[in-house]
Each structure stands twice: as C-alpha cells, then as structure tokens.
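# Chains, contacts and geometry: an overview
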Amino acid sequence: MTDPTYKDLAKLILQSRPGRTLDVPAGKGDLSRELLAGGVSDLTCIDILPEAGFPLAGKVRYSCTDINGPLPFADGEFECVASREGIEHLVTPYAFLGEVCRVLKPGGHLFITTPNIMTVDARMKYLLSGYFQGFRELCADQSGLRDLEFQGHISPIYFWQLAYFLANYGFVIEKVTTNRIKSEAKPIKRLVRRLLAGVIRATARRRGFPAGETLSDDFLFGDSLIVQARRVGDRLTRHGNIF
C-alpha cells in the first residue's frame, strides 16, 4: 500500500471517543502509537510477535496470540476494537469477526480495514487475470507465500460477505470509507475507469441492489476499505438489512 491506513483509521477511531480499546492485530504498533498520541490511555494490543519484539512493550498491555483462534479476553471486555489490514491474513476471517463480537460490549465500535477488492480496477483485474489486486501470490507464487515468516494475503474480503457476517454477529455498519482514492495518470485509463464505474452504478440501481456508500468513489476507487460498525446485539434477524 502506498499510504498508511493507520493515520486515517486513527482519526476515525478518535472521533468516536473510544474507551477501553483493542488493537488486533497490532503489527509494529503504528495504529496504537497514533491512538496513544490522541489520548487513548486504556489500550491493549495483540499480535503473533513476541512481546520483546513489540515496539510499544511497557506502554500498553500486550498479548502474543495467534488470532486464528480464540481471543484471550472475557466477553464484553472492550468498548472499541480496531483491526487494521489483518483479516485478509487469516485462515478463518469470519470466525475472527465472531470473536471480535464476543469481546466487544454492546454499543461498542468495530473499525476494520482491508484491501479493497470491490474497486473498478480490482474487478477488471479479476476478470482478466483470475486474481484480485494484492493477492497475486495465491495464483502465481503459493510456495513463496507459504515460505513467509508471517502469513501473507490469503483471504480476499468480499464486502457483501463481510456485511452479512457483521449482521449475523450483531453489528450495524455505520460508515464505509477509504484511506485514499487511487489515481490514474493516463487520461484514457481515467476515462475507461469512469465509464465502467457508471456501468456498475447503473446496473446496481436497475437491479435494486443497495446503493449509498457502496456506489461511492471511495468504494469503487479506494485503496483500502475502512468499515465502521457498531455492535447492537448478539445477532440481528437472519436476513435483516444492516444499513
């Protein structure tokens, strides 16, 4: 990614005036560092790195845990959970969402970012090559992907599937935005992208698909998706509208 999502995500989180907050996976602590600077004092980080290698060790609570399994926290322990560019690395991404729901208090907020595979460019990439942007190794270099020290991009997150599981786990999506709009230098490519976006929007409206933010420039041209959701219960109606 060209622009770090943690600064944009931190701004969004701080606007919600978070209480006890979980950063999962915390990576090298970039997001947590921004949250600490913004005044968040009750902060817990979790990642697969040993605590001795975590840059913010001693400044926040830290747990070295593989988040493909259960999170080592009590039910309803947090008022805010932030997950930056992590879910696409997981073997069981939607089980992870269930764990996030469990440790988040009703009324608490979830902020999650992931590479945006819903863009015009990503749809064309998949049509022509059979893989999504950011997930080339799944198609072309699986052995290299397996040799990485930490798990790479293995789970492209389809927005409507994410929305479905969030609803099932008792969340209402409040906002969908991006860290940046991806630009195109060549005029002809800019024109083609805009024409294709127009076709996507017209098709969605004609077929009665949900509109709003899912037809916005953020959604169709954004680098990463940033989803803000609020936990309203243990589970909504099975096929309820989450917007």
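Read on for an overview of the structure. Bear in mind the structure is a predicted one, so any value in this text is a computation, not a measurement.

On to the side chain of Thr178. Along the chain, Thr178 falls in strand 6 (residues 171–178). Under the relative-accessibility criterion, Thr178 is labelled buried at 11%. Side-chain polar atoms of Thr178 contact the backbone oxygen of Arg180, separated by 3.2 Å. There is a polar contact of 3.2 Å between the side chain of Thr178 and the backbone nitrogen of Asp223.

Considering the arrangement of structural elements, one finds Tyr169 in the loop between helix 7 (159–168) and strand 6. The exposure class assigned to Tyr169 is partly exposed, which follows from its relative accessible area of 24%. In this structure, the C-alpha to C-alpha distance between Tyr169 and Glu99, residues 70 residues apart in sequence, is 9.3 Å. With near-sequence residues (within four places) excluded, Tyr169 lies in contact with Tyr94, Ala95, Leu97, Gly98, Cys101, Gly233 and Asp234.

Among the residues of helix 7, those classed as buried are Phe159, Leu162, Ala163, Leu166, Ala167 and Asn168. Of the residues trailing helix 7, Gly170 is marked for its positive phi of about 90 degrees.

Okay, the pattern of salt bridges next. Applying the stated criterion across every chain yields a total of 12 salt bridges. Put simply, Asp42 and Arg20 hold a salt bridge, and the shortest N to O gap is 3.6 Å. Here Asp42 is found in the loop between helix 2 (30–37) and strand 2 (43–47), whereas its partner Arg20 is found in the loop between helix 1 (5–15) and strand 1 (21–23), with 22 residues between them in sequence. Where Asp75 meets Arg102, a salt bridge forms, and the shortest distance between an N and an O atom there is 2.9 Å.

So, on to the pairing of strand 4 (residues 78–84). Of all seven residues in strand 4, five are buried; the element is thus mostly enclosed. The sheet contact formed by strand 1 and strand 4 spans three bridges and is parallel. Residue pairing across strands places Thr21 opposite Cys80, the latter belonging to strand 4. Assessed by its sense of winding, the connection that carries the chain from strand 4 through helix 3 (residues 93–103) to strand 5 (residues 104–115) is right-handed.

The subject of this paragraph is the nonpolar core. Residues Leu22, Val81, Leu110 and Phe159 are the most contacted members of the largest nonpolar core, which totals 39 residues. For this core, the leading source of residues is helix 3, giving six residues. Residue contacts for Val81: discarding those within four places in its chain leaves Leu22, Val24, Val100, Val103, Leu104, His109, Leu110 and Phe111. By size, the runner-up hydrophobic cluster in this structure holds 20 residues, among which are Leu12, Ile13, Leu43 and Ala82.

A volume near 230 Å³ is recorded for the second largest pocket. Lining the second largest pocket are 13 residues; nearest its centre among them are Arg123, Ile200, Ala204, Phe209 and Leu215. Of the residues forming the lining of the second largest pocket, the biggest block, three residues, is contributed by helix 8 (residues 187–206). Looking at the lining of the second largest pocket, its residues break down into nine nonpolar, two polar and two charged.

The next point concerns the sheet that holds strand 3 (residues 61–64). Pairing in this open sheet of seven strands is mixed, and the strands run 3-2-1-4-5-7-6 from one edge to the other. On the outer flanks of this sheet lie strand 3 and strand 6, each paired with one strand and no other. Recorded for the sheet is a direction-independent mean angle of 15 degrees between the axes of neighbouring strands. The sheet contact formed by strand 6 and strand 7 (residues 224–231) spans seven bridges and is antiparallel. For Val176, the partnering residue across the bridge sits in strand 7 and is Val227. Across the sheet, helix 2 touches strand 1, strand 2 and strand 4, and the angle it forms with strand 2 is around 175 degrees.

Attention shifts here to a nonpolar patch on the surface. A surface patch of nonpolar side chains, amounting to about 380 Å² of accessible area, comprises Ile188, Leu191, Val192 and Leu195. Looking at the secondary structure, you find Leu195 in helix 8.

What counts, and at which threshold
- Residues numbered from 1 in each chain as written.
- Predicted model: local features only at pLDDT ≥ 70, side-chain atom pairs only at ≥ 80, totals over all residues.
- Heavy atoms only, no water.
- Helix = DSSP H or I, 4+ residues; strand = E, 2+ residues; numbered from the N terminus.
- Buried < 20%, exposed > 50% of the residue type's maximum accessible area, 1.4 Å probe, protein only.
- Polar contact = N/O pair within 3.5 Å; in protein donor to acceptor, adjacent residues only side chain to side chain.
- Contact = heavy atoms within 4.5 Å.
- Salt bridge = Lys/Arg side-chain N within 4 Å of Asp/Glu carboxyl O.
- Pairing = 2+ DSSP bridges.
- Right-handed = clockwise from strand over helix to strand, strands pointing away.
- Core = buried A, V, L, I, M, F, W, Y, C linked by side-chain atoms within 4.5 Å.
- 1 Å grid on protein atoms, 1.4 Å probe; cavity = no way out; pocket = protein on both sides within 12 Å on 5 of 7 lines; lining within 4 Å.
- Points joined across faces, edges and corners; volume = space filled by probe spheres on them.
- Nonpolar A, V, L, I, M, F, W, Y, C, P; charged D, E, K, R; others polar.
- Axes fitted to C-alpha atoms, helices over the stretch in contact; angles between N-to-C directions.
- Patch = residues over 30% accessible without salt bridge, like charges linked within 9 Å, V, L, I, M, F, W, Y side chains within 5 Å.
- Areas by Shrake-Rupley, 256 points an atom, 1.4 Å probe, with all protein chains shown as cover.

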